[in-house]
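# A look at the structure
So you can see what is in the structure, the chains are spelled out below.
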Amino acid sequence: FLTAVALAAEIGCTDTASVVSWDSGGGSFQICALDNDNVIRVFQGPIGDANMMALMADVQGREFVSGMSVNPATMAHATELSRRARELVLPGQTNAPDWLAKRLARPDTIVLGFGFHTSVFRACYDATGKEAYTRQDIWEGLTSLSEKSDQ
């Protein structure tokens, strides 16, 4: 979270209460933000970039082998991947924890994403060329990459 706050300051955001840090690692993720009492809260789950690749292979009906590409993937695959990931992270729930949902609903919230070359952040950068993007940019970036191979 402190890295995200420092990076936010570099782009002109000095209100730490508006910063959300999303760290997508190989085997897990953490989303951190300050709650209303100025305490750092953490939402974490057992899904990271590597797990998502294996889950996507399963969605496609293929056996996952380390280092394999899951491309080309369709938007239908991405939609099913999203549904399965949500079920793994939020079993029996439909929304993020209340403190996180409230923070994300604020119009001044800025989300800083960290991840490796297989993360959704890198995919969006590759598709859009942007270093900062909206939720719509992410969706449009993924749509533009759907059904494309790695070549």
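Here Asp35 shows up in the loop between strand S2 (29-34) and strand S3 (40-45). Since its relative accessible area comes to 14%, Asp35 is described here as buried. Residue contacts for Asp35: discarding those within four places in its chain leaves Arg41 and Arg103.

We now examine the packing of helix H5 (residues 120-128) against helix H6 (residues 135-145). Between H5 and H6, whose axes approach to 8 Å, the crossing angle comes to 75°. By the angle class used here, H5 and H6 are roughly perpendicular. Contact with H5, carried on its side by Val120, Ala123, Cys124, Ala127 and Thr128, involves Asp137, Ile138, Gly141, Leu142, Ser144 and Leu145 of H6 and no other residues of that element. In terms of residue class, the contact of H5 with H6 is made up of 7 nonpolar, 3 polar and 1 charged.

The next thing to look at is the confidence of the model for the protein. Scored by pLDDT, the protein has a mean of 85; 99% of the residues are at 70 or more. Summarising per-element confidence for the protein, the mean pLDDT is lowest in H5 (79) and highest in S2 (90).

In terms of burial, S2 is largely enclosed, as 5 of its 6 residues are buried. Hairpin remark: strand S1 (residues 19-24) followed by S2, antiparallel, with 4 residues in the connecting loop. Hairpin remark: S2 followed by S3, antiparallel, with 5 residues in the connecting loop; positive phi at Asn38, about 65°.

Now for the pairing of S3. The side chains of a regular strand alternate, residue by residue, between the two faces of the sheet. In the sheet, S2 pairs with S3 via 6 bridges, with the strands oriented antiparallel. Paired with Ile31 across the bridge in S3 is Phe43.

Turning to unusual backbone geometry, a few remarks are in order. In the segment running from Asn71 into Pro72, the intervening peptide bond is cis, with an omega of 0°. Tracing the sequence through the fold places Pro72 in the loop between helix H2 (49-59) and helix H3 (75-89). For Asn38, which is not glycine, the phi dihedral falls at a positive 65°. One non-glycine residue, Glu147, adopts positive backbone phi at about 65°. Within the secondary structure layout, Glu147 lies in the segment after H6. Residue Glu147 is classed as exposed on the basis of its relative accessible area, which comes to 56%.

For the rest of this paragraph, the subject is the packing of H2 against H3. Angle between the axes and distance between the axes: these two values describe a pair of packed helices. H3 packs onto H2 with a crossing angle of 125° between their chain directions and a minimal axis gap of 9 Å. Judged by the angle between their axes, H2 and H3 are oblique. Of the two elements, H2 crosses H3, and the hand of that crossing is right-handed. Mapping the contact onto sequence places Met52, Leu55, Met56, Asp58 and Val59 in H2 and His77, Ala78, Glu80, Leu81, Arg84, Ala85 and Leu88 in H3. A breakdown of the residues in the contact of H2 with H3 according to their chemical character gives 8 nonpolar, 1 polar and 3 charged.

Using the criterion set out here, one finds 1 aromatic pair in the structure. Residues Phe29 and Phe43 carry aromatic rings whose centres are separated by 5.7 Å and whose planes lie at 65° to one another, so their mutual orientation is edge-to-face. With Phe29 in strand S2 and Phe43 in strand S3, the pair connects residues that are 14 residues apart, well separated along the chain. Grouping residues by exposure puts Phe29 and Phe43 together as buried.

Rules and cut-offs
Residues numbered from 1 in each chain as written. Predicted model: local features only at pLDDT ≥ 70, side-chain atom pairs only at ≥ 80, totals over all residues. Heavy atoms only, no water. Helix = DSSP H or I, 4+ residues; strand = E, 2+ residues; numbered from the N terminus. Buried < 20%, exposed > 50% of the residue type's maximum accessible area, 1.4 Å probe, protein only. Contact = heavy atoms within 4.5 Å. Axes fitted to C-alpha atoms, helices over the stretch in contact; angles between N-to-C directions. Parallel < 35°, antiparallel > 145°, perpendicular 65-115°, else oblique. Nonpolar A, V, L, I, M, F, W, Y, C, P; charged D, E, K, R; others polar. pLDDT = per-residue confidence, 0-100. Pairing = 2+ DSSP bridges. Left-handed = near helix turned anticlockwise from the far one by under 90°. Phe/Tyr/Trp six-rings, centres within 6.5 Å; stacked < 30°, edge-to-face > 60°.

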